[in-house]
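Descriptive analysis of the structure
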Amino acid sequence: MKIRILYLLSSIDGGGVGKVLLTYLGRMDRERFVCDVACLDSPSHKLLYYEGFRAVTENIYFLDKSYPKRLRQFVGILKERKYHIIHCNLEEASAVYLLLGKLFGVKVRIAHCHLTTSPKTTGGKMKKILRPLLYAVTTEKYACGEMAFAHLWGNAKDKHIMTNAIDVGQFRYNIDDERSVREEFMIPDGNPIIGTVGRLSYQKNPSFIIDILQELRRREPRFTFLWVGDGEQAGSLQERCKREGLDANVVFTGNRNDIPRLFNAMKVFILPSLYEGLPIVGVEAQACNLPCLFADTITREIGLTDRAEFLPISSAAVWADRISTLQHCEHDRTTASGVMNTKYDISEAVKCLETEYQQFYNEKYNKAK
């Protein structure tokens, strides 16, 4: 009998959680597992990962924006599909969906944490209310890393770490990528390319990135910054770059599905986020053997290779100094990736997840017989 799994996440239109999940589902054994996805996006075939999820799932559900309608819709899905496992990626908000799963007979209920801190921009009171419910209805506690687990689950012993694994083979260095990226964005040959990848939102500390670029321009007038991603602050960030004369140095690419190619064109990758769980873009950049500068607010677990460094987000000048040094260094990008054959390599990670799912199913369903 195949094991039926429903995954819940906020979005399949870019973002690390959707990317991680898509990578796993692309490698899952479809003879053993049937996977569906429910998300909070508005229905659209233009969503970045839509076609990818269509290829690896039986159903994609777009949950209604109205909360009462959404819950009724979710109940209808549970009644129709009869899932064995719900794997929820909505932090404390997972509690409501897992409660409904319990009421409709889903015996394996997974809550998965992707953050190491609670954003100040979201409702703290509601999270405090939902946490006890989440603890009560969750059967399996998951997180993307040790710090993320501690954030939501404390020192609970029944720990499951589902790493933000990647297909390492997609991130092999290709020297021709830099040439094609320069041609696409009309970047002069003399400009070193640095960049970041992520949603243009508060979490990624975008105003500080502009501070860094201002400092860098004082040291190195000739550079190009690839700002990869989209988000609610895109317009205001573009306006600020124009106001401060950085528009000639910054390329806003929007959401992209050719991240390995863009990484291969960069000399330095930066991620000065205010908070993260364990950023998949950091794993990907290191798989490309790219020098990476991370905020010291991010878990040290992301330091997978000797190309990773951690800097304080209290000084843009410190970041600019380090970028200035690194962008003129020659790094061997052709050596075997330090991420290969580790727990962040999807070929290894998916085996662990499948084993856990099978174990949960055997314990909850086969023993009940």
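Notes on the structure follow. Just so it is clear, the model here is predicted, and its values are computed rather than measured.

Counting residues in hydrophobic clusters, the biggest one holds 126 residues, and the most contacted among them are I12 and F269. Ranked by residue count, the leading element in this core is helix α13 (residues 346-366), at eight residues. Sequence-distant contacts of I12, defined by excluding residues within four places in its chain, comprise V37, C39, D41, L47, L48, Y49, Y50, F53, I60 and F62.

This next bit is on helix α1 (residues 16-25). Structural remark: α-helix, 3.6 residues per turn; residues separated by three or four positions point the same way. Counting buried positions over the ten residues of α1 gives eight, a clear majority of the element. Residues of α1 that are buried include every one of G18, K19, V20, L21, L22, T23, Y24 and L25, and no others. On the buried face of α1, the contacting elements are β1 (3-9), β2 (33-39), α2 (50-56), α10 (259-265), α11 (280-287) and α13.

Here six strands make up an open sheet; going across it, the order is β10-β9-β8-β11-β12-β13 and the pairing parallel. The sheet is open, and its two edges are formed by β10 (250-254) and β13 (308-311), each paired on a single side. In this sheet, adjacent strand axes meet at a mean angle of 25° when their direction is disregarded. Bridge analysis of strand β12 (residues 292-295) against β13 gives four bridges, and the strand direction is parallel. If you follow L293 over to β13, its bridge partner there is E309. Sheet contacts for helix α8 (residues 206-219): β8 (193-197), β9 (224-228), β10 and β11 (268-271); angle to β9, the most-contacted strand, approximately 170°.

Cut-offs and rules
- Residues numbered from 1 in each chain as written.
- Predicted model: local features only at pLDDT ≥ 70, side-chain atom pairs only at ≥ 80, totals over all residues.
- Heavy atoms only, no water.
- Core = buried A, V, L, I, M, F, W, Y, C linked by side-chain atoms within 4.5 Å.
- Buried < 20%, exposed > 50% of the residue type's maximum accessible area, 1.4 Å probe, protein only.
- Helix = DSSP H or I, 4+ residues; strand = E, 2+ residues; numbered from the N terminus.
- Contact = heavy atoms within 4.5 Å.
- Pairing = 2+ DSSP bridges.
- Axes fitted to C-alpha atoms, helices over the stretch in contact; angles between N-to-C directions.

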